[in-house]
Amino acid sequence: MGPDDLVYLKRNVIAEPIIMGWYAWPQLIPPASLAMNVVGRHLKIMDSYIQSPQLHAEAVRNPKMKGGPFVDYPEDRAEGVRRLRDRTLREQGRLIELAGAIRQLYEMLKREANGYCLDPLYAKVPEPLKGYVELSYDPLNQPSCRFYEPLLYRGPYYDPGWQGLSIYESGGD
């Protein structure tokens, strides 16, 4: 490829990283936090918009609500958001299962870790997390867990195909 073969984009073209169609930010990369965000953020926001698109439209027009958990689409886009939500439920079932297992694990630790040895609790770790976590106590003697991220990246909870680019022309600033 020589200098005559170079191609340039217009100055107003924006390329943003995305993960599963959402703007990529660091918490959407590790599988465990991605799973928690899909369930605790993405699905909740989509369900809220589907229930009340007009509330979202009003909220994004209010400067005091800027940056809040609202979908910035016109009210007539509810069907498209519903399709995205349904596709997320269908295609991200493993991540939804992982998020449920993480919640169960924290509930179990809160309920059953009492300052003694945690070894017996490994048998109670939810199945999707077996082999992916280490149980411990933090410096304040509160039960905790550590995810073995390299293993999660090699397991069924990570797919580089979820990552992409959104390329579009800016309409202004």
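Structure: see above.
It should be emphasised that the depicted structure is a prediction, and the values quoted were computed from it without experimental measurement. (Residues numbered from 1 in each chain as written. Predicted model: local features only at pLDDT ≥ 70, side-chain atom pairs only at ≥ 80, totals over all residues. Heavy atoms only, no water.)

Peer 1: What is the right way to look at the sheet that holds strand β1 (residues 13-19) in this model?
Peer 2: The sheet built from three strands is open, its strands ordered β2-β1-β5 with antiparallel pairing. At either margin of the open sheet sits one strand with a lone partner, and together these are β2 (22-23) and β5 (163-169). Here β1 pairs with β2 via two bridges, running antiparallel. When the bridges of β2 are listed, Ile-18 appears paired with Tyr-23. (Pairing = 2+ DSSP bridges. Helix = DSSP H or I, 4+ residues; strand = E, 2+ residues; numbered from the N terminus.)

Peer 1: Can you walk me through the side chain of Asn-37 in this structure?
Peer 2: Take Asn-37: it is sitting in helix α1 (residues 31-51). A distance of 2.9 Å separates a polar side-chain atom of Asn-37 from the backbone oxygen of Ser-33. Setting aside residues up to four positions removed in sequence, Asn-37 forms contacts with Trp-25, Gln-27, Leu-28 and His-42. (Polar contact = N/O pair within 3.5 Å; in protein donor to acceptor, adjacent residues only side chain to side chain. Contact = heavy atoms within 4.5 Å.)

Peer 1: For this particular structure, what's the right way to read the packing of α1 against helix α4 (residues 93-112)?
Peer 2: Helix-helix packing: each pair is described by the crossing angle between the helix axes and the interaxial distance. At a minimum axis separation of 8 Å, α1 and α4 run at an interaxial angle of 95°. Put simply, α1 runs roughly perpendicular to α4. Mapping the contact onto sequence places Pro-31, Ala-32, Leu-34, Ala-35, Met-36, Val-38, Val-39 and Leu-43 in α1 and Leu-95, Ile-96, Leu-98, Ala-99, Ile-102 and Arg-103 in α4. For the contact of α1 with α4, the per-class residue count stands at 13 nonpolar, no polar and one charged. (Axes fitted to C-alpha atoms, helices over the stretch in contact; angles between N-to-C directions. Parallel < 35°, antiparallel > 145°, perpendicular 65-115°, else oblique. Nonpolar A, V, L, I, M, F, W, Y, C, P; charged D, E, K, R; others polar.)

Peer 1: Can you help me understand the pairing of β1 in this one?
Peer 2: Where a strand is regular, its side chains alternate between the two sheet faces. One ladder, built from seven bridges, connects β1 with β5; its direction is antiparallel. Along β5, the bridge assignment pairs Ala-15 with Ile-167.

Peer 1: Teacher, can you tell me more about the packing of aromatic side chains here?
Peer 2: Think of a pair of aromatic rings as described by two things: how far the centres are apart, and how the planes are tilted against each other in angle. Taken as a whole and judged by the stated rule, the model has two aromatic pairs. Aromatic pair Tyr-132 and Tyr-157: ring centres 5.9 Å apart, planes at 75°, arrangement edge-to-face. Note that Tyr-132 is positioned in the loop between α4 and β3 (133-137) and Tyr-157 in the loop between α5 (149-154) and β5, a separation of 25 residues in sequence. Pair check on accessibility: Tyr-132 and Tyr-157 agree, each one buried. Ring geometry for Tyr-153 versus Tyr-158: centroids 4.8 Å apart, planes at 75°, classification edge-to-face. The exposure class assigned to Tyr-153 is partly exposed, which follows from its relative accessible area of 27%. With relative accessibility at 25%, the residue Tyr-158 sits in the partly exposed group. Positioned above the aromatic ring of Tyr-73, the side-chain terminus of Arg-77 is 3.9 Å from the ring centre. (Phe/Tyr/Trp six-rings, centres within 6.5 Å; stacked < 30°, edge-to-face > 60°. Buried < 20%, exposed > 50% of the residue type's maximum accessible area, 1.4 Å probe, protein only. Lys NZ or Arg CZ within 6 Å of the ring centre and 35° of its normal.)

Peer 1: In this structure, what is going on with the layout of surface pockets? I would like to understand it.
Peer 2: In this approach, a probe sized like a water molecule rolls over the atoms, and the result shows the empty space that is left. Considered as a void within the structure, the largest pocket measures approximately 960 Å³ in volume. Looking at the largest pocket, it is lined by 27 residues, and the ones nearest its centre are Trp-22, Tyr-23, Phe-70, Val-71 and Asp-72. Elements with a contribution of two residues or more to the lining of the largest pocket: β1, β2, α1, α2 (53-61), α3 (78-91) and β5. Classifying every residue of the lining of the largest pocket gives 16 nonpolar, six polar and five charged. (1 Å grid on protein atoms, 1.4 Å probe; cavity = no way out; pocket = protein on both sides within 12 Å on 5 of 7 lines; lining within 4 Å. Points joined across faces, edges and corners; volume = space filled by probe spheres on them.)

Without other data, these values stay purely geometric and don't point to any function.
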